[in-house]
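One letter stands for each residue in the lines below.
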Amino acid sequence: MEVKGEIYRVAGPVVTITGIKPKMYDVVKVGHEGLMGEVIRIKGDKATVQVYEDTSGIKPGEPVVNTGMSLSVELGPGLLESIYDGIQRPLKVLQEQMGDFIQRGVTANGLDRDKKWDFKPIVSGGDSVKGGEVIGVVQETMNIEHKIMVPPNVSGTVNEIKSGKFTVDETICVLSDGTELQMMQKWSVRKPRPVAKKLMPSKPLITGQRILDGLFPVAKGGTAAIPGPFGSGKTVTQQQLAKWSDTDIVVYIGCGERGNEMADVLNEFPELEDPKTGRPLMERTVLIANTSNMPVAAREASVYTGITIAEYYRDMGYDVALMADSTSRWAESMREISSRLEEMPGEEGYPAYLSARLSEFYERAGAVHSLAGFDGSITVIGAVSPPGGDFSEPVTQSTLRIVKVFWALDAKLSQRRHFPSINWLSSYSLYTNGLADWFTENVAPDWISLRDNAMDLLQQESELQEIVQLVGSDALPEDQQLTLEIARMIREYFLQQNAFHPVDTFCPFDKQYKLLKAISKYGEMANAALEAGVPMGDIISVESKDDLAKVKYEEDFESALNVVLTKMDAEFAKLGGK
Amino acid sequence: MTKEYKTITEVSGPLIFLEKTEPVGYGELVNINLPDGTTKRGQVLDTSADTVVVQVFEGTGGLNSESGVVFTGETIKLSVSKDMLGRILSGAGEPLDGGPRIVPDDRIDVNGASMNPYSRLPPVDFIQTGISTIDGTNTLVRGQKLPIFSGAGLPHNEIALQIARQAKVLGSDEPFAVVFAAMGITNEEAQYFMQDFEKTGALERAVVFLNLADDPAVERLITPRMALTAAEYLAYEHDMHVLVIMTDITNYCEALRQMGAAREEVPGRRGYPGYMYTDLASLYERAGVIKGKKGSVTQFSILTMPGDDITHPIPDLSGYITEGQIVVSRELHRKGIYPPINVLPSLSRLMNSGIGKGKTREDHKAVSDQMYAMYAEGRDMRGLVAIVGKDALSERDQKILEFADLFEDRFVRQGRNENRHIVDDTLRIAWEILSELPMAQLTRIDNKFIDAYHPANKAKSE
Ligand SMILES: Nc1ncnc2c1ncn2[C@@H]1O[C@H](COP(=O)(O)OP(=O)(O)OP(=O)(O)O)[C@@H](O)[C@H]1O
Ligand SMILES: [Mg+2]
């Protein structure tokens, strides 16, 4: 029976209710319009609710109903290619129901109830099934076979199993204890889905971005943070990862950011090809959008909605990459709610539990062996937006204590249009060593030494720059001038990568290797020539060096590079010296 | 329904506290009748069965416990109609020009609902402003929100007006309008805008909301919402392309801070409320283009950075929401360069979708990137030259140093009424100054563009 309570107080997104006794995190329907909210504090005979919709006009005394359920998402076929708000309402359905502006009080199912999916069972009557086990499959998109799993907390013997076309809420399997299973299951967003075992991440997520793959790789199942001031490239980098990573599924959470950026993804992804499968990128993507002008409480929820969906696909044995842009907005939504609750503020007004919430979230990343018996992974990449670009603030600092990869964006680089503006000196990846074997085997035996060498040159460059600032570059010895020149080539030819260039936007590992190798070849020949007494001026004015700047833009990279390398041999031969 | 309460228990700053009311809605509009017969307006901030807190827009001066409070049962609305064009209204939407009240076609909640991201159409239409540092390197597109970050005493008003005069989508004749929202600016500044609007005939196609420096600060919190409501109405009901100019965002944020302090909230960074990001987003995000609608809302706001500090919370939070910023520089202004726009910290995030083949020209992006890279390096050289002298620079570096000067002199500097065409002027000048550099320096530009557009090659082929 429904017990009704009533509203006691309304102050923005925080509503105090009385007259019912909900559990913590129960979902309640607030007011005559039934606005959705979640219980976040209980005190005496009152409970505090964060409401996921605008509360204008809502009055004390209006009714409140407890659903008795916690905030959950619907999991099943049809998630892919969707765009949801923070509480999994499909934005497309909202538009159909209420037009171009989001009105409140509208409910919409996460999964379409009318669409029929072709269910193929893989178990038979009499089989016993455990929690998480696969009972059948549905072809969700051309490349993704959606595995229908028994919910983690259910097990038993199959009494009846169907085959054919069903909607997500039709029963497809009955267990001997009478439990009916549908293709759809619900899962509470704040509770991680269980796994059989966590594994050590051992493969890189190949992103096609030279500075990421080459210098600061993230592992599949790993965690990375990308902090930077406004306009430094967080979103572009996240979108590049969503586009080009060699992953099966992408969950992209636009958390408190711009509406136009989501529109952009919606516009572009159906047109772009997944480099791995050749299918439209949208077919592997789930979007969650709570833009900066959408209700703050739903922003807090959006991150959990996203990671729960990611876990669900991971359980099927897929590699999932999750991008959250920006985790700072999520942290701020916690701060806003916390301050409305008049909780004791911690550093910069953030609640004392900020750090704990961040770790719990990143902890849901990982490579795992799932209950269904598959290996899957979730890689989490979080953007961080530090006020004033100052990395010493609490969200950046708490995040850096957790994540293993740090891509530090630098406004000095973005201002001169050095993109991606990831600072090569302050960024790091703790996976570099763990992935070394993989690179040696799969890229090239000399890849690690090429890379270390490049890093070393960049390091030397920054030290030499300090001297140049005092005396000018002409005062440096010639070999050091050459070092500066090669470092510049590494920066401009290799590290710089234009996300908007049709060819350069995606760089396969093989091309990354050949490009760096070519720069290193110039370095070796130049140093040898210098030692043999060739004048510095001649060495740096070989044309092939400048030609190398543009091979990355060439459609036919291989042959363009070969032309340059042949020319380089010829030019150095002419310089002689030996 | 129109019950009047005389149960004010506390007046504190812009807030009043009342007891023993019937249930009152959150965000409701409130009328307060003063003993002297005047009426003020306010809005419910917090409502419970025991106490109601109201923020008073015109300030609480003259209020006492004898004042009567009437809850209107609705949120703040703006009366809209197409007749608003050509009108001057107060920051709260009342006529200031002596004209009649607006006969409403509709009354719209000024808070606006959030646009469904699914309904948005990514902005792609290039707007030519005739200013090279915008068109060439920080392109504005229809539906974008691109503020000017400036400083006290810099010519941001002139730049804004030049843009308002010159801005157009090439080859298009679609109806446009300007919505101007003044927040806490001086009467003189407001006059400056009004005169220019009148002189150029822009006023006929404008709706003006004025909240001046001596008007109550709290009113400033609704002025931009009124303006954006008018803009959305004209854009989506009357198919107009609306350019919204809001000035000065900094005054708006000060009012927000003042309100937060009055409510005794825990302040965030430098005393500004923790929710300032969300609040500003509720303004800036009201720019855009909607699928299937002909009109659009473009925002070009002015924000003066306190102490010229771009990391100050007001420009900082704005920059995190807007689609770029145009930064006005004191250094260039002192050098006598107009418009003193420093392109390095400036950015238009929507530039890439508004330029290129079929829109401006295929080489546009590469040319812009190349100029950025060289100008940035050239400015570094200036610092170096001051220490080690010009002779210590290599030949390459000297060229780049010269480029920085050329860039400021020829590309940045232009006349106050000079309306440059993107291809015939802006890109032409860009190539002219780039061609002063050795060709090997042009590493950002594809060879095919160098072949097609570099003056040296063009001369050859002609
Ligand atoms: N890899 C890249 N290649 C080319 N341009 C880039 C690249 N990365 C960033 N940019 C440029 O920088 C601009 C700003 O980048 P982006 O929107 O990603 O910044 P952001 O860090 O997400 O900022 P905010 O915090 O305000 O959202 C882009 O619009 C684009 O012009
Ligand atoms: Mg961003």
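What you see is a predicted model; the values in this text were computed from it and never measured.

Calculation criteria
Residues numbered from 1 in each chain as written. Chains lettered and ligands numbered in written order. Predicted model: local features only at pLDDT ≥ 70, side-chain atom pairs only at ≥ 80, totals over all residues. Heavy atoms only, no water. Helix = DSSP H or I, 4+ residues; strand = E, 2+ residues; numbered from the N terminus. Rg over C-alpha atoms; globule rule 2.2 N^0.38 Å. Buried < 20%, exposed > 50% of the residue type's maximum accessible area, 1.4 Å probe, protein only. Contact = heavy atoms within 4.5 Å. Areas by Shrake-Rupley, 256 points an atom, 1.4 Å probe, with all protein chains shown as cover. Buried area = accessible area lost by both parts, 1.4 Å probe. Salt bridge = Lys/Arg side-chain N within 4 Å of Asp/Glu carboxyl O. Patch = residues over 30% accessible without salt bridge, like charges linked within 9 Å, V, L, I, M, F, W, Y side chains within 5 Å. Lys, Arg positive; Asp, Glu negative; His and termini not counted. Charge placed at Lys NZ, Arg CZ, Asp CG, Glu CD. Near = heavy atom within 4 Å. Polar contact = N/O pair within 3.5 Å; in protein donor to acceptor, adjacent residues only side chain to side chain. Nonpolar A, V, L, I, M, F, W, Y, C, P; charged D, E, K, R; others polar. Pairing = 2+ DSSP bridges. Axes fitted to C-alpha atoms, helices over the stretch in contact; angles between N-to-C directions. Parallel < 35°, antiparallel > 145°, perpendicular 65-115°, else oblique. 1 Å grid on protein atoms, 1.4 Å probe; cavity = no way out; pocket = protein on both sides within 12 Å on 5 of 7 lines; lining within 4 Å. Points joined across faces, edges and corners; volume = space filled by probe spheres on them. Domains from an automatic or database assignment. Bend = angle between axes of the 7 residues up to and from the residue. Arc of directions from axis to C-beta. Phe/Tyr/Trp six-rings, centres within 6.5 Å; stacked < 30°, edge-to-face > 60°.

1. With respect to the overall build of chain B
Each helix and strand in chain B was counted, giving 14 helices and 21 strands. Taking 462 residues into account, the globule formula puts the C-alpha radius of gyration at 23 Å, and chain B, at 25 Å, falls close to it. Viewed in the frame of its principal axes, chain B has a C-alpha envelope of about 85 × 50 × 40 Å. Buried residues in chain B amount to 60% of all 462 residues. Considering only contacts within chain B whose residues lie at least 6 apart along the sequence, 72% involve residues at least 24 apart. Here chain B has roughly 16700 Å² of accessible surface; of this, 48% comes from carbon and sulfur atoms.

2. Quick look at the interface of chain B and chain A
Taken residue by residue, the interface counts 83 residues in chain B and 74 residues in chain A. Here chain B packs against chain A, burying approximately 6300 Å² in sum over the two surfaces, 52% of which is carbon and sulfur. The largest share of the area that chain B buries against chain A comes from B:Tyr26, B:Tyr118 and B:Tyr320, three residues that together contribute 13% of it. Our count for the contact surface shared by chain B and chain A stands at two salt bridges. For A:Arg9, the salt bridge is made with B:Asp46, and the minimal N-O distance between the two is 2.5 Å.

3. A few points about the pattern of salt bridges
Think of it this way: side chains of opposite charge can pair up when their charged atoms draw near. All chains considered together, the criterion is met by 74 salt bridges over all chains. Here A:Arg491 and A:Glu461 are joined by a salt bridge, their closest N and O atoms 2.8 Å apart. Of the two residues, A:Arg491 sits in helix 12 (residues 478–495) while A:Glu461 sits in helix 11 (residues 447–471), which places them 30 residues apart along the sequence. The class for A:Arg491 is buried, based on a relative accessible area of 18%. A:Glu461 sits in the buried class, given a relative accessible area of 4%. Several salt bridges converge on common partners, so that one network encompasses B:Glu331, B:Lys335, B:Arg379, B:Arg382, B:Asp405 and B:Glu408.

4. Section: a negative patch on the surface
Residues and elements named next belong to chain B. Taken together, the side chains of Asp83, Asp105, Asp106 and Glu237 define an acidic patch exposed on the protein surface. Along the chain, Glu237 turns up in helix 4 (residues 223–238). Its relative accessible area of 53% is what places Glu237 among the exposed residues.

5. A look at the site of ligand 1
The full set close to ligand 1 counts 20 residues, and A:Lys234, A:Thr235, A:Val236, A:Arg258 and B:Arg349 are the nearest of them. Those residues lying near ligand 1 are distributed over chains A and B. With respect to ligand 1, the backbone of A:Gly231 contributes an N or O atom lying 2.8 Å from an oxygen atom. At 2.7 Å, a side-chain N or O of A:Lys234 approaches an oxygen atom of ligand 1. Counting only elements with at least two residues in the shell around ligand 1, the list comes to helix 3 (234–244) of chain A together with helix 7 (313–321) of chain B. Here the shell around ligand 1 is built from residues that sort into eight nonpolar, eight polar and four charged.

6. Some remarks on the sheet that holds strand 11 (residues 134–139) of chain A
All names here are of chain A. If you trace the four strands from one edge of the open sheet to the other, you get 12-11-9-14, paired in antiparallel fashion. The sheet is open, and its two edges are formed by strand 12 (145–149) and strand 14 (164–166), each paired on a single side. Strand-to-strand twist across the sheet, computed as the mean angle between neighbouring axes with direction ignored, equals 40 degrees. Note: strand 9 (residues 117–121) against strand 14, three bridges, orientation antiparallel. Across the sheet, residue Phe119 finds its bridge partner in strand 14, namely Gly164.

7. Focus: the pairing of strand 21 (residues 341–348) of chain B
Residues and elements named next belong to chain B. Judged by how many residues are buried, strand 21 sits mostly within the fold: eight of eight residues are covered. Alignment of strand 20 (residues 324–328) against strand 21, held across four bridges, turns out to be antiparallel. Of the residues in strand 21, the one forming a bridge with Gln325 is Leu347.

8. Some details on the packing of helix 4 of chain B against helix 6 (residues 276–284) of chain B
Residues and elements named next belong to chain B. Packing of helix 4 against helix 6 leaves a shortest axis separation of 10 Å and a crossing angle of 30 degrees. Relative to helix 6, the element helix 4 is oriented roughly parallel. Taking contact as the criterion, the partners of Pro224, Arg225 and Leu228 in helix 4 are, on helix 6, Asp279, Ser282 and Leu283. Of the residues in the contact of helix 4 with helix 6, the class split is three nonpolar, one polar and two charged.

9. Considering empty space enclosed by the protein
It is a probe the size of a water molecule, rolled over the atoms, that shows where empty space is left. What the rule picks out here adds up to four cavities of 30 Å³ or more. Quantified by volume, the largest cavity comes out at close to 170 Å³. Along its surface, the largest cavity is lined by 15 residues, and A:Glu332, A:Arg335, A:Pro387, B:Arg269 and B:Leu317 are the ones closest to its centre. The set of elements that each furnish at least two residues to the lining of the largest cavity consists of helix 6 (327–340) of chain A together with helix 6 and helix 7 of chain B.

10. Remarks on the domain arrangement of chain B
All names here are of chain B. For chain B, the assigned domains are domain 1 (4–75), domain 2 (78–352) and domain 3 (364–461). Centre-to-centre, using C-alpha coordinates, domain 2 lies 32 Å away from domain 3. Between domain 2 and domain 3, the buried area comes to about 2300 Å², and carbon and sulfur atoms account for 51% of it. Considering only the surface of domain 2 that becomes buried against domain 3, Ser132, Tyr338 and Leu344 emerge as the three largest contributors, covering 23% of it. Linking domain 2 to domain 3 there are three salt bridges. Linking Glu158 and Arg416 is a salt bridge whose minimum nitrogen-to-oxygen distance equals 2.6 Å. Across the contact surface, domain 2 and domain 3 share 22 residue pairs in polar contact (both at pLDDT 80 or more). Looking at the side of domain 2 that touches domain 3, the elements that each hand over two or more residues are helix 1 (132–135), helix 2 (156–166), helix 8 (330–334), strand 21 and helix 9 (351–354). Per-element tally for the side of domain 2 that touches domain 3: the top contributor is strand 21, with five residues.

11. A short note on helix 12 (residues 422–434) of chain B
In the structure, helix 12 of chain B departs most strongly from a straight axis at B:Arg428, where the bend amounts to approximately 25 degrees. Residues of helix 12 of chain B that are buried include every one of B:Ile422, B:Thr426, B:Leu427, B:Ile429, B:Ala430, B:Trp431, B:Ile433 and B:Leu434, and no others.

12. A look at the pairing of strand 16 (residues 241–247) of chain B
All names here are of chain B. In terms of residue burial, strand 16 counts as a mostly covered element, since seven of its seven residues are buried. What you see with strand 16 is no split at all: His241, Leu243, Ile245 and Thr247 on one side and Val242, Val244 and Met246 on the other are buried throughout. Strand direction decides the pairing type here: strand 14 (residues 176–185) and strand 16, joined by seven bridges, are parallel. Its bridge partner being in strand 16, Ala181 is matched across the sheet by Met246. Pairing of strand 16 with strand 18 (residues 296–299), which is carried by four bridges, proceeds in the parallel orientation. Looking at the pairing, Val244 lines up with Gln299 of strand 18.

13. Things to note about the side chain of A:Thr432
Examined against the element boundaries, A:Thr432 turns out to sit in the loop between strand 26 (428–429) and helix 10 (436–442). The class for A:Thr432 is buried, based on a relative accessible area of 16%.

14. Examining the environment of A:Leu516
All names here are of chain A. As for its position among the elements, Leu516 is in helix 13 (residues 509–531). The class for Leu516 is buried, based on a relative accessible area of 3%. Setting aside residues up to four positions removed in sequence, Leu516 forms contacts with Trp447, Leu450, Arg451, Ala454 and Phe494.

15. Remarks on helix 1 (residues 91–98) of chain A
Residues and elements named next belong to chain A. Within the span of helix 1, buried status applies to Leu91, Leu94 and Met98. Burial along helix 1 is one-sided: seen end-on, the buried residues are contained in an arc of 55 degrees. Where helix 1 is buried, its residues contact strand 8 (83–84) and strand 21 (285–290). At the exit of helix 1 stands Gly99, carrying a positive phi of roughly 85 degrees.

16. A closer look at the packing of aromatic side chains
Applying the stated rule across the entire model yields 23 aromatic pairs over all chains. Aromatic side chains A:Phe230 and B:Tyr320 sit 5.6 Å apart centroid to centroid with 75 degrees between the ring planes, which places their arrangement in the edge-to-face category. With one member in each of two chains, A:Phe230 in the loop between strand 19 (223–227) and helix 3 and B:Tyr320 in helix 7 form a pair that bridges those chains. Side by side, A:Phe230 and B:Tyr320 carry an identical accessibility label, which is buried.

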